Amino acid sequence: MKFAYYPGCSADGSGIEYGMSMERTAKILGFELEELEDWNCCGATSGHNTDQLLSLALPARNLAIAEKTGMSMMTPCAACYSRHRHAEHVIQHDPEMKKKIELVLEKELQGTSETVSILDILANKIGTEAIAAKVTNPLTTMKAACYYGCLLVRPVGLTGFDDAEDPQTMDKVMKALGADAIEWSHKTECCGAAMVTSRPDVGNPMLYRVLKDAKESGAECIVTACPLCMLNLDMRQAGIEKKFKEKFDLPIYYVTELLAVACGDDPKTAGINKHFVEAGQYLQTVKVRAAEAKAAAEKAAAEAAAKAKEKAAAAQAKAAGKSTDKAKPEAAATEPDLKKIEAFKTALTKNPDKMAAKLVDDPARAEILATTLDEKRIAKLAQLMASDMEKAKKAANAFVTAELKKQGDCQD
Amino acid sequence: MDLAIKLSPATEDQKTLLAKVEKEAGTSVNLCYQCGKCTAGCPAAFAMDYPPRQVIRLLQLGMIEQALQAESIWICASCETCSARCPRGVDIASLMDTMRRQALKQGKADKRVAAFNKAFLSNVKNFGKTYEAGLLLRYNLTTGQLFKDMELGLPMMIRGKVGVLPERIKAREEMKKIFERAEKLGGDE
């Protein structure tokens, strides 16, 4: 699997650890990332707040380059993803605007590019089974709030790889890594985005609510796939704690960082030492707890095995002691069988439709069986059902075949 | 905000402007039946003068000037929750976006947001990429908030999250031309 790679402007700056762990993720899972030749900034929010045509032309220049590679283009940043998906949508569905974009770029566009997100690749293209197979240090006992934010799941018509209200792709990946993905209500609420910088009076309360809900829902950390969400949740967490006089102490991770660590990377290689909220200690705690959980599970399994062995030995001893009286255990076994037969008889008499459906797969044939059950057949079927369900099914089918034959004869 | 308003039929100018905004946004305000689901889900509604539903109502009534002057359009964080949830399929987020651009053209933009956007795009025009450190510095200078977020600058540098120099792409000339042509063609309408 190979993708054109659009790292986005943050991958060398504020989101440097996202870029680092992305490369590690690709290497671990065995997919190739080929950086897009001389790519440019997508214009982000500033672009679409200022000029519509410019906001489409900037990502379209990258799409023109990506088209030529013939590969899908992966971008880790949620905002870059959204802007490129948006431009793709316009190029494919709005011929008038496409023409204008081409004039601005002085390039022709085929409209064949496909921008994909890392969550889509991990959960849908690689799959959680393949990921789980690479895990060497499972994140057992980690309590993670999977935070999707806005642009990975909205607008629905542009994204579409996951549910807009209760997305699951990241939850599935985290579970594959061994972690608990907690249920919480703010997984797609906005973190405040650029508002936290340009209008803190608006952005700060938004950021505060996301942190607060994660904490109250039992999360011990938040996992994200967006560099701006990371910047806000991580770098500005201390400021929010001070402003709202509430302690969160929630380490924030990129999903790619945790994947790398769970697959054996040193946290430093994944870039976890570059966070603002201390994030290495929690990984250590998880490691200790995971080891304890593993030891406890092994101990419980050993105890259960010993108990079972003891029980088997006792049963053997008992059987040996009573070996002279062979008839007794047999008689004991037939008693519940009689009860079973009676129960099946009652069921066949009271609910012939339901029981017939259990015995015969074809609904039309099952109906024939249900309408032709008499006392004799019920007695026969109940006895067979109590001893061997497969035989009962065969007998039931034979009844239907006989019935059909009888009806056919009459018609003749 | 005026609590009582005198309604009169929309003028031709108002109708023309509204039609232009609707076309650019790719949606119609007349689809809205004022249920308020957009406002209920809006994470920034608490700070708005006119929450999303009321902005749409202003547009329905032809009061587009009031809508363009509303602080709300600059408080909208473009999170797209309203559009995702609207039972009538009104693309409210796209309308907000279009109105921001319209307000900018009319010189009615929120100064801080406009300054940030200008600084950001100037980076892209000159380097082809965003230079985060330069961007914040320039933003602080133009808005007169010299020491805003200063406490975060050094820790960012220590963590290797600030480039010393802006990264530049090769096609810088091409970028400048894209900006120029977009401005020219965008202004044709």
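Residues numbered from 1 in each chain as written. Chains lettered and ligands numbered in written order. Predicted model: local features only at pLDDT ≥ 70, side-chain atom pairs only at ≥ 80, totals over all residues.

Bringing the packing of helix α5 (residues 95–105) of chain A against helix α11 (residues 172–186) of chain B into the picture now. Look at α5 of chain A against α11 of chain B: their axes get within 8 Å of each other, and the N-to-C directions meet at 140°. Taken together, the axes of α5 of chain A and α11 of chain B are oblique relative to one another. When the axes of α5 of chain A and α11 of chain B are compared, the crossing they make is right-handed. Contacts between α5 of chain A and α11 of chain B pair Lys 100, Leu 103, Val 104 and Leu 105 of chain A from the former with Ile 178, Arg 181, Ala 182 and Leu 185 of chain B from the latter. (Axes fitted to C-alpha atoms, helices over the stretch in contact; angles between N-to-C directions. Helix = DSSP H or I, 4+ residues; strand = E, 2+ residues; numbered from the N terminus. Parallel < 35°, antiparallel > 145°, perpendicular 65-115°, else oblique. Left-handed = near helix turned anticlockwise from the far one by under 90°. Contact = placed C-beta atoms within 7 Å.)

Right, let's talk about the sheet that holds strand β4 (residues 115–116) of chain A for a bit. Residues and elements named next belong to chain A. Judged by pairing direction, the sheet is parallel, and its 4 strands sit side by side in the order β2-β1-β3-β4 without closing on themselves. The two strands at the open ends of the sheet, each matched to only one other strand, are β2 (32–35) and β4. Pairing geometry for strand β1 (residues 2–5) and β2, over 4 bridges, is parallel. Each bridged residue has a counterpart across the sheet, and for Lys 2 the counterpart in β2 is Glu 32. (Pairing = 2+ DSSP bridges.)

Here the focus is the pairing of strand β7 (residues 221–224) of chain A. All names here are of chain A. Where burial is concerned, the two faces of β7 agree: the one with Cys 221 and Val 223 and the one with Ile 222 and Thr 224 are both buried. Bridge count for strand β5 (residues 143–147) against β7 is 4 bridges, and the pairing is parallel. Counterpart to Ala 145 in the pairing with β7 is Ile 222. Taken together, the 3 bridges between β7 and strand β8 (residues 252–254) define a ladder with parallel strand orientation. Residue pairing for β8: Ile 222 is matched across the bridge by Ile 252. (Buried ≥ 20, exposed ≤ 12 C-beta atoms within 10 Å, placed from the backbone.)

The domain architecture assigned to chain B consists of domain 1 (12–105) and domain 2 (111–186). Spacing between the C-alpha centres of domain 1 of chain B and domain 2 of chain B amounts to 29 Å. (Domains from an automatic or database assignment.)

All names here are of chain B. Look at helix α9 (residues 132–143): 16 Å from first C-alpha to last across 12 residues, which is about the 16 Å you get at 1.5 Å a residue. Taken residue by residue, α9 has Glu 132, Leu 135, Leu 136 and Tyr 139 as its buried positions. Projected down its long axis, α9 shows its buried positions confined to an angular sector of 95°, all on one face. Check the buried side of α9 and you find it contacts α8 (111–127). Looking at the residues trailing α9, positive phi occurs at Gly 144, about 70°. (Expected span 1.5 Å × (residues − 1). Arc of directions from axis to C-beta.)

This part covers the nonpolar core. Residue and element names in this part refer to chain A. Counting residues in each nonpolar core, the largest one holds 159 residues, and the members touching the most others are Ala 57, Ala 144, Ile 222 and Val 223. Discounting residues that sit within four places of it in the chain, Val 223 has contacts with Ala 144, Cys 146, Tyr 147, Met 170, Met 174, Tyr 253, Val 255 and Leu 258. Counting 16 residues, the second-largest nonpolar core is a separate cluster that includes Phe 344, Met 355, Leu 381 and Ala 392. (Core = buried A, V, L, I, M, F, W, Y, C linked by C-beta atoms within 7 Å.)

Attention shifts here to unusual backbone geometry. Residues and elements named next belong to chain A. Each neighbour pair has its own omega, and for Arg 154 with Pro 155 the value is -10°, a cis peptide bond. One non-glycine residue, Ala 44, adopts positive backbone phi at about 45°. Residue placement: Ala 44 occurs in helix α2 (residues 44–50).

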